[in-house]
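Commentary on secondary and tertiary structure
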Amino acid sequence: MAAKYCEPCTARGKTPKAFQWCTECEEALCSECTEAHKVQKMSRSHHLVEIGKIPNKINLSYNCSKHQHLLFDYFCVDHDVICCKECLPKDHRACKNVTSIDIASKNSKQSQSFLDYNEQLSFISDALEKLKKNRKESSSQIEQEETQIRKQIAKTKENIIKQIESLEELLLTQITELKDKNINGIKRQEKEIGELVTSTNDQKKALEFIRNPGSEKQAFITINSSKPILDYIENKVKQLTESFVDTSLILSKGYQQTI
């Protein structure tokens, strides 16, 4: 997340509130420093974005996730991963295709990896929306079926009051238990889907940010560092899809014939 106070001013012993973030300089700027940033020759072409518009969960750091004191400096083509100066000799000593992050990230927003990342994110979002809709429809169906069964039970009760009293109690208990069991199961699935939706939306917000004001390096690092997250979400979506069972509540014919 971007700093709360202006970083150039903080270096001078001042603490004015920051309003803008420069994606190239990776610095938070106050209003005065922002104006200076816009006119200086070295920074007038930089991308500035309001700090309040930066998604809370977007990663603005270039630091290695394993060695947080070091920056991502290299990209290993052989392993398709970004790495720092410590990762390089440890995990990629024998790799022949290693390049600097600055070279590798050039035009990354137009790369196939960026397009694949966006496509995967869209696929996951669509799949999650379908799963949410499916669970809501199943829940509504079970509620309606429960209502219908209760009507059948009530009608049967009218015909043979004395014989149905004990059976009515049993049936109502069983159907409530079955309904609760299925509804609780669906709610658990809905909760898990909701969490995946939240994670996916966070990734979408990050993508939208790096698509426009984000730098090429930020885009490259984001799609590479977020790929395991999307893979995890996609696997969870597949698992949920495969585990779904459409359940219906139906009054057994055996009970009807007994009555």
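Under an unreviewed UniProt entry, the protein chain has the name B box-type domain-containing protein and belongs to Mytilus edulis.

Our next topic: the nonpolar core. Leu 128, Leu 131, Ile 193 and Val 237 are the most contacted members of the largest nonpolar core, which has 26 residues in total. Contributing elements (two or more residues each) for this core: helix H5 (112-159), helix H6 (161-211) and helix H7 (216-243). With seven residues, H5 is the largest single contributor of residues to this core. Discounting residues that sit within four places of it in the chain, Ile 193 has contacts with Leu 128, Leu 131, Lys 132, Arg 135, Leu 240 and Phe 244. Residues Phe 72, Ile 82, Cys 84 and Ile 101 belong to the second largest nonpolar core, which totals 12 residues.

With that out of the way, let us pick up the layout of surface pockets. Counted as a void, the largest pocket has a volume near 430 Å³. If you go around the largest pocket, you meet 20 residues; those closest to its centre are Cys 64, Ser 65, Phe 72, Ile 82 and Ser 225. Every element with two or more residues in the lining of the largest pocket is listed here: strand S5 (81-83), helix H3 (87-91) and H7. Per-element tally for the lining of the largest pocket: the top contributor is H7, with five residues. Here the residues of the lining of the largest pocket sort into eight nonpolar, eight polar and four charged.

Our next topic: the packing of aromatic side chains. Within this structure, the stated rule accounts for one aromatic pair. Relative to Phe 220, the ring of Phe 75 has its centre 5.0 Å away and its plane inclined at 80°; by these criteria the two rings are edge-to-face. Note that Phe 75 is positioned in strand S4 (residues 74-76) and Phe 220 in helix H7, a separation of 145 residues in sequence. Across from the ring centre of Phe 244, 3.9 Å away, lies the NZ or CZ of Arg 135, which sits over that ring.

Here we come to the sheet that holds S5. Sheet strands pair by backbone hydrogen bonding; their relative direction is either parallel or antiparallel. Judged by pairing direction, the sheet is antiparallel, and its three strands sit side by side in the order S5-S4-S6 without closing on themselves. Lying at the two open borders of the sheet, with one neighbouring strand each, are S5 and strand S6 (98-100). Mean inter-strand twist for the sheet, computed between neighbouring axes without regard to direction, equals 30°. Direction of pairing for S4 relative to S5: antiparallel, over a ladder of three bridges. Paired with Phe 75 across the two strands is Ile 82, which belongs to S5. Strand contacts of H7: S4 and S5, with the helix running at about 115° to S5, the strand carrying the most contacts.

What follows deals with the environment of Leu 131. With respect to the helices, strands and loops of the structure, Leu 131 is situated in helix H5. Note on Leu 131: relative accessible area 7%, which makes it buried. Distance in space between the C-alpha atoms of Leu 131 and Val 237 is 8.4 Å, their sequence separation being 106 residues. If sequence neighbours within four positions are ignored, Leu 131 has contacts with Ile 193, Val 237, Leu 240, Thr 241 and Phe 244.

Scoring rules and cut-offs
Residues numbered from 1 in each chain as written. Predicted model: local features only at pLDDT ≥ 70, side-chain atom pairs only at ≥ 80, totals over all residues. Heavy atoms only, no water. Core = buried A, V, L, I, M, F, W, Y, C linked by side-chain atoms within 4.5 Å. Buried < 20%, exposed > 50% of the residue type's maximum accessible area, 1.4 Å probe, protein only. Helix = DSSP H or I, 4+ residues; strand = E, 2+ residues; numbered from the N terminus. Contact = heavy atoms within 4.5 Å. 1 Å grid on protein atoms, 1.4 Å probe; cavity = no way out; pocket = protein on both sides within 12 Å on 5 of 7 lines; lining within 4 Å. Points joined across faces, edges and corners; volume = space filled by probe spheres on them. Nonpolar A, V, L, I, M, F, W, Y, C, P; charged D, E, K, R; others polar. Phe/Tyr/Trp six-rings, centres within 6.5 Å; stacked < 30°, edge-to-face > 60°. Lys NZ or Arg CZ within 6 Å of the ring centre and 35° of its normal. Pairing = 2+ DSSP bridges. Axes fitted to C-alpha atoms, helices over the stretch in contact; angles between N-to-C directions.

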